[in-house]
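Working through the structure, step by step
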Amino acid sequence: MPTLVKVLEAGQEIEAGLLQDVVEFMRTFADQCHHGEGRDTPVPSFGQQGRARHGCPIGGLTHEHQQGRALVKELAAAVEAYGAGDVSAKVAHQSLRGVVGLYPNHIWKEDYLLFPMTNKVLGPGDQQELLGKFAQVEAEIGQDTHDRFEQMARDLAA
């Protein structure tokens, strides 16, 4: 996505289908698979067991999930207009830049703050329950969707 931002900022064209794929990836993987649309916390078990749902880092990550959804919604509208040939819609790079600006730091917080914390706070039973929920989300999304996203990544890398 950072490369796409640079291409757009340089005034070059990008195939609208590629931008639509980015939106689909963000909606499917980042929202449904990664942090689950509609869930209030990155780790629902925290709130269910009386643990802080709004403190650090949970509150900040939850806010970033909401911010990410808003950015992707904005990006989707810009990409739709871009695909329809709306010259003013070439500002899709602003929305894309917002997504690019949010997610690397967000992922760092999850990897180095949230996940170590969950390993300390959640017991083995809680973690097994959480893994079961992750597996359920994966099954709902389907292997064909994951395969398609992996192929998209290989195509972009090539």
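Computed from a predicted structure; not experimentally measured.

This part takes up the nonpolar core. One finds Leu 4, Ile 14, Leu 19, Met 26, Leu 75, Leu 96 and Val 99 to be the most contacted residues of the largest nonpolar core, which totals 21 residues. For this core, the elements supplying multiple residues, two or more each, are α1 (2-9), α2 (16-34), α4 (58-83) and α5 (92-121).

A separate point is the packing of α1 against α5. Interhelical geometry of α1 versus α5 gives an angle of 155 degrees and a closest axis separation of 9 Å. Classed by the angle they form, the pair α1 and α5 counts as roughly antiparallel. As α1 packs across α5, the resulting crossing turns out to be left-handed. Here Pro 2, Leu 4, Val 5, Leu 8 and Glu 9 of α1 lie close against α5, whose contacting residues are Ala 92, His 93, Leu 96, Arg 97 and Val 100. Here the contact of α1 with α5 is composed, by residue class, of 7 nonpolar, 1 polar and 2 charged.

Moving on to the environment of Ala 135. In this fold, Ala 135 is placed in helix α6 (residues 124-141). Judged by relative accessible area, which is 46%, Ala 135 ranks as partly exposed. Spatially, the C-alpha atoms of Ala 135 and Cys 33 are 9.7 Å apart, while their sequence positions differ by 102 residues.

Our focus in this paragraph is the pattern of salt bridges. Summed over all chains, the structure comprises 4 salt bridges. Between Arg 97 and Glu 9 there is a salt bridge, with its nearest N and O atoms 2.7 Å apart. Within this pair, whereas Arg 97 is found in helix α5, its partner Glu 9 is found in helix α1, the two being separated by 88 residues in sequence. Assessed through its relative accessible area of 40%, Arg 97 is described here as partly exposed. Note that Glu 129 is salt-bridged to Lys 133, the shortest N-O span being 3.4 Å. Taken as a pair, Glu 129 and Lys 133 lie in helix α6 at a separation of 4 residues, close to a single helical turn.

Here we take up the packing of aromatic side chains. Applying the stated criterion across every chain yields a total of 3 aromatic pairs. With 5.2 Å between their ring centres and 15 degrees between their planes, Phe 25 and Phe 29 make a pair best called stacked. Residue Phe 25 and its partner Phe 29 are located together in helix α2, separated by 4 residues, close to a single helical turn. Here Trp 108 and Tyr 112 contribute two aromatic rings whose centre-to-centre distance is 5.4 Å and whose plane-to-plane angle is 35 degrees, an arrangement assigned as tilted. Taken together, the positions of Trp 108 and Tyr 112, both in helix α5 and 4 residues apart, correspond to about one turn of that helix. Classification of Tyr 112 by relative accessible area gives exposed; the value is 55%. By the ring-pair criterion, three or more aromatic residues cluster together here, those being Phe 25, Phe 29 and Phe 149. Above the face of the Phe 149 ring, Arg 148 is positioned so that its terminal group lies 5.3 Å from the ring centre.

Definitions and limits used
- Residues numbered from 1 in each chain as written.
- Predicted model: local features only at pLDDT ≥ 70, side-chain atom pairs only at ≥ 80, totals over all residues.
- Heavy atoms only, no water.
- Core = buried A, V, L, I, M, F, W, Y, C linked by side-chain atoms within 4.5 Å.
- Buried < 20%, exposed > 50% of the residue type's maximum accessible area, 1.4 Å probe, protein only.
- Helix = DSSP H or I, 4+ residues; strand = E, 2+ residues; numbered from the N terminus.
- Axes fitted to C-alpha atoms, helices over the stretch in contact; angles between N-to-C directions.
- Parallel < 35°, antiparallel > 145°, perpendicular 65-115°, else oblique.
- Left-handed = near helix turned anticlockwise from the far one by under 90°.
- Contact = heavy atoms within 4.5 Å.
- Nonpolar A, V, L, I, M, F, W, Y, C, P; charged D, E, K, R; others polar.
- Salt bridge = Lys/Arg side-chain N within 4 Å of Asp/Glu carboxyl O.
- Phe/Tyr/Trp six-rings, centres within 6.5 Å; stacked < 30°, edge-to-face > 60°.
- Lys NZ or Arg CZ within 6 Å of the ring centre and 35° of its normal.

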